[in-house]
Amino acid sequence: MEEHMIKDLLPHYYAAHGMNPTFKNVRSIIIDGHEVAWMEYRGTVTYDITGEGRAGQPYLGRKLYCECHFTEGVGWEKDATHGVVGLMGPDCCVRRKTAMHLRRLELQSKYLTRFAPGSSDPYSLVEYSKNIVLDLIERAKAGEFIGETGEGASFWGGYFYFQTVESIMGGYFDPEVIPSLMSEKIISLNGGIVSPYREPLPPQWHEYLSIEDGQFRGRASLPTHEDMPQTWLLEVFMGDRLLTGKHPHELPLTHSRYFGPDTSDVAHAETYLRRLIADAKEQERIESKYRK
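Just so you know, these numbers come straight off a predicted model, no measurement behind them.

Concerning the packing of aromatic side chains
So, point 1. For the coordinates displayed, the defined rule picks out 16 aromatic pairs.
So, point 2. Judged by centre distance (5.3 Å) and plane angle (80°), the ring pair of phenylalanine 23 and tyrosine 65 falls under edge-to-face. Within this pair, whereas phenylalanine 23 is found in strand E1 (residues 22–31), its partner tyrosine 65 is found in strand E3 (residues 58–66), the two being separated by 42 residues in sequence. Tyrosine 65 carries the same exposure label as phenylalanine 23, and that label is buried.

Details of the pattern of salt bridges
So, point 1. Scanning all chains against the criterion turns up 20 salt bridges.
So, point 2. The salt bridge involving glutamate 40 is made with arginine 62; its shortest N-O contact spans 3.2 Å. With glutamate 40 in strand E2 (residues 34–44) and arginine 62 in strand E3, this residue pair connects regions lying 22 residues apart in the sequence.
So, point 3. Between arginine 139 and aspartate 135 there is a salt bridge whose closest N-O contact spans 2.7 Å. Pair noted here: arginine 139 and aspartate 135 are both in helix H4 (residues 129–141), with a separation of four residues, about one helical turn.

A few points about the sheet that holds E1
So, point 1. The strand order across the open sheet built from three strands is E1-E2-E3, with neighbouring strands paired in antiparallel fashion. In the strand order of this sheet, the two ends are held by E1 and E3, each with one partner. Neighbour to neighbour, the strand axes of the sheet diverge by 15° on average, direction disregarded.
So, point 2. One ladder, built from nine bridges, connects E1 with E2; its direction is antiparallel. Along E2, the bridge assignment pairs threonine 22 with arginine 42.
So, point 3. Together, E1, E2 and E3 form the strand contacts of helix H1 (residues 6–17), whose direction differs from that of E1 by roughly 145°.
So, point 4. In the packing of helix H3 (residues 94–115) onto the sheet, the strands contacted are E1, E2 and E3, and the crossing angle to E1 comes to about 80°.

Looking at the pairing of strand E9 (residues 205–213)
So, point 1. The pairing of E9 with strand E10 (residues 216–223) spans eight bridges and is antiparallel. Its bridge partner being in E10, glutamate 207 is matched across the sheet by serine 221.
So, point 2. Where E9 folds back onto E10 in an antiparallel hairpin, the turn is made up of two residues, including glycine 214, whose phi is positive at roughly 65°.

Let's talk about the sheet that holds strand E8 (residues 193–196)
Sheets are built from strands paired through backbone hydrogen bonds, the pairs being either parallel or antiparallel.
So, point 1. Pairing is antiparallel in the open sheet, where three strands are placed in the order E6-E8-E7. Because the sheet does not close on itself, it has two edges, and the strands there are strand E6 (160–161) and strand E7 (187–190).
So, point 2. Two elements, E6 and E8, share two bridges in a ladder whose sense is antiparallel. Within E8, the residue paired with tyrosine 161 across the bridge is isoleucine 193.

The rules behind each value
Throughout this document, residue positions are counted from 1 along each chain, in the order its sequence is written. Selection of residues for local features in this predicted model requires a pLDDT of at least 70, selection of side-chain atom pairs for listing and counting requires 80 or more, and totals for whole chains, interfaces and linings are taken over all residues. Values shown for side chains rest on all heavy atoms present in the structure; no hydrogens or waters enter the calculation. Pairs were defined over the aromatic rings of Phe, Tyr and Trp, the Trp ring being its six-membered one, requiring ring centres within 6.5 Å. Orientation was assigned from the angle between planes: stacked under 30 degrees, edge-to-face over 60, tilted for the rest. Think of it this way: any DSSP run of H or I at least four residues long counts as a helix, any run of E at least two long counts as a strand, and we number them from the N terminus. Relative accessibility thresholds used throughout: buried, under 20% of the residue-type maximum; exposed, over 50%; partly exposed, between the two (1.4 Å probe, protein chains only). Here, a salt bridge means any side-chain nitrogen of Lys or Arg that lies within 4 Å of a carboxyl oxygen of Asp or Glu. The pairing criterion is simple: DSSP has to find at least two bridges between the two strands. Note on geometry: axes are C-alpha line fits, over the in-contact stretch for helices, and angles between N-to-C directions span 0 to 180 degrees. The contact criterion used throughout is that any non-hydrogen atoms of two residues lie within 4.5 Å.

Here it is as C-alpha cells:
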C-alpha cells in the first residue's frame, strides 16, 4: 500500500465524513515511512446519546492516530446501507503501537537525565517514583502525548493507566507511592487508572443473585463502586434472621466489573453460597437438637 502523509489524506476523509470533527497535527512520528501523529480534534456534538442536553456544544480532545485511520479501505469505507463506516485497520497497525513504545522510552530517557544523570539503568528511577507520577499528571493535563492512545484512561475520566508509569520506568516502580498519593488526596486509583482525587463514595452493595433452600435463603451482593473492596458479600438468612453474623463472608472478585461480573466469578459465588447455606442448615439442625 502506498504511504501518504496524514495531511494528504484529510481532504478525501473530510469529503466522505464531513468537517465535524476536524483534526490538527500536534506531534508527528514517522516509522518506516508511516506517519503516526498525536492529534487534536475539534467538533460539535450533533446528537447527545447520554440525554444530558449536550447537542450543539463544542468538544475538544487529543488522540493518537496514524495514516490507517484516514485511509479508505483501511480505517473507513463507504457502505451502501449504512453510509461511511469505520474499519478495524488502525487497531492492527504495528507502527502505531511502536510509536507508543518509543514515546515511553523517550520519557524514560528524559527522567534518567533529570533524576539520575549518567545512568542508563531504569532501576535508578525507583526512588523518584512519586516525582515521575506527578510529572506525568502535569503532562497529561497539558494534553501531551505520554505513550497511550489518549482514549482509554480519559474515557473513564483519568490521566493515564498505572501500567504506563510502570512501562516508562522499565518495570521498576515503588508500589507504596500510589497509596501515599491517595492518602494525600492527590489522586484516586480507579480500576488501574490514575485519576483526579475524589472523596470515596459511601459503601453500598446491591443484590446480584439469591438462592432459596426451604426456609433458608442465600444472597450474593456486589459492590457498587471501585472505592469499595472488590468482593462478593455473601449472606445466609433463615426467614428474616441473618445467620452469617455481624461479619458476612467476603469472596474476592477475580475480574474487573466494568462490564458486569465475569461468569467464573458468578459460578464461584454461587458454589460458595450453596456451601454456606448447607453449613447454616447443619448448624441449625445441631442447635435445634440441643434446644429440645
